[in-house]
Amino acid sequence: TFSLSLAGFIEEPERKYCFECDSEEQCQEWIEALKRASYEFMRRSLIFYRNEIQKMTGKDPLEQYGISEEARFQLGTQKP
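In this convention, every chain numbers its residues from 1, walking through the sequence in written order. Since the coordinates come from a predicted model, pLDDT governs what is reported: local features require at least 70, and pairs of side-chain atoms require 80 or more to be given and counted, while whole-chain, interface and lining totals use all residues. Water and hydrogen atoms were dropped before computing side-chain values, which therefore reflect all heavy atoms in the structure.

Describing the overall build of the chain
Secondary structure summary: the chain contains 1 helix and 2 strands in total. Taken from the N to the C terminus, the helices and strands of the chain come in the order β-β-α. Out of the 80 residues in the chain, the part that is buried amounts to 14%. Long-range contacts, defined here as pairs at least 24 residues apart, represent 28% of the contacts in the chain between residues at least 6 apart. Strands here mean DSSP runs of E at least two residues long; helices mean DSSP runs of H or I at least four residues long; both are numbered from the N terminus. When a residue's accessible area, from a 1.4 Å probe over protein chains only, is under 20% of the maximum for its type it is buried; when over 50% it is exposed; and in between it is partly exposed. Residue contacts follow a heavy-atom distance rule, with two residues in contact if any of their heavy atoms lie within 4.5 Å.

Some points on the confidence of the model for the chain
pLDDT is a per-residue confidence score from the predictor, ranging from 0 to 100. This prediction gives the chain a mean pLDDT of 78; 74% of its residues lie at or above 70. Put simply, strand E1 (residues 2–7) is where the chain has its lowest mean pLDDT, 55, and helix H1 (residues 24–57) is where it has its highest, 86.

Observations concerning the pattern of salt bridges
Within this document, salt bridges are pairs made up of a side-chain nitrogen of Lys or Arg and a carboxyl oxygen of Asp or Glu, the two lying within 4 Å of each other. For the coordinates displayed, the defined rule picks out 3 salt bridges. Here Lys55 makes a salt bridge to Glu52, at a shortest N to O gap of 3.2 Å. With Lys55 and Glu52 both in helix H1 and 3 residues apart, this pair spans about one turn of that helix. Take Lys55: its relative accessible area is 64%, and that puts it in the exposed class. When its relative accessible area of 27% is taken as the criterion, Glu52 is described as partly exposed.

Regarding the side chain of Arg50
Summarising the element assignment, Arg50 is placed in helix H1. In this view, Arg50 contacts Asp60, Pro61, Leu62, Ser68, Phe73 and Gln74; residues no more than four positions away in its chain are not counted.

A few points about the state of the cysteines
Such a bond, covalent and formed between the sulfur atoms of two cysteines, is termed a disulfide. Put simply, a disulfide is two cysteine sulfurs that come within 2.5 Å. Using the criterion set out here, one finds 0 disulfides in the structure. Here Cys21 stays free of any disulfide, with the sulfur of Cys27 as its closest cysteine sulfur at 4.6 Å. Cys27 gets classed as buried once you look at its relative accessible area, which sits at 8%.

Notes on the environment of Ile67
Along the chain, Ile67 falls in the segment after H1. Contact partners of Ile67, with chain neighbours within four places excluded, come to Leu62 and Phe73.

Some words on the environment of Pro61
Mapped onto the secondary structure, Pro61 falls in the segment after H1. We classify Pro61 as partly exposed; its relative accessible area is 22%. Between the C-alpha atoms of Pro61 and Arg50, which are 11 residues apart in sequence, the distance is 6.4 Å. The contacts of Pro61, once residues within four sequence positions are left out, are Arg50 and Ile53.

Next comes the structure, spelled out in structure tokens:
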């Protein structure tokens, strides 16, 4: 049996989560799923706040960095 303990969130720094698996393969599947979920959460948050800033200012905040047209920053696209 494999286990993975993750530190809690900022609001609950002492809280820990434990995922137990029956095999190393299952453990790796959990780790990959957590990584993907984390990336997707951050990507969606970036898109949301980008749109909010654009509504408020009329400017795309990513444009100054030359990355505003990149697919990863658009709705409906996934990380390659």
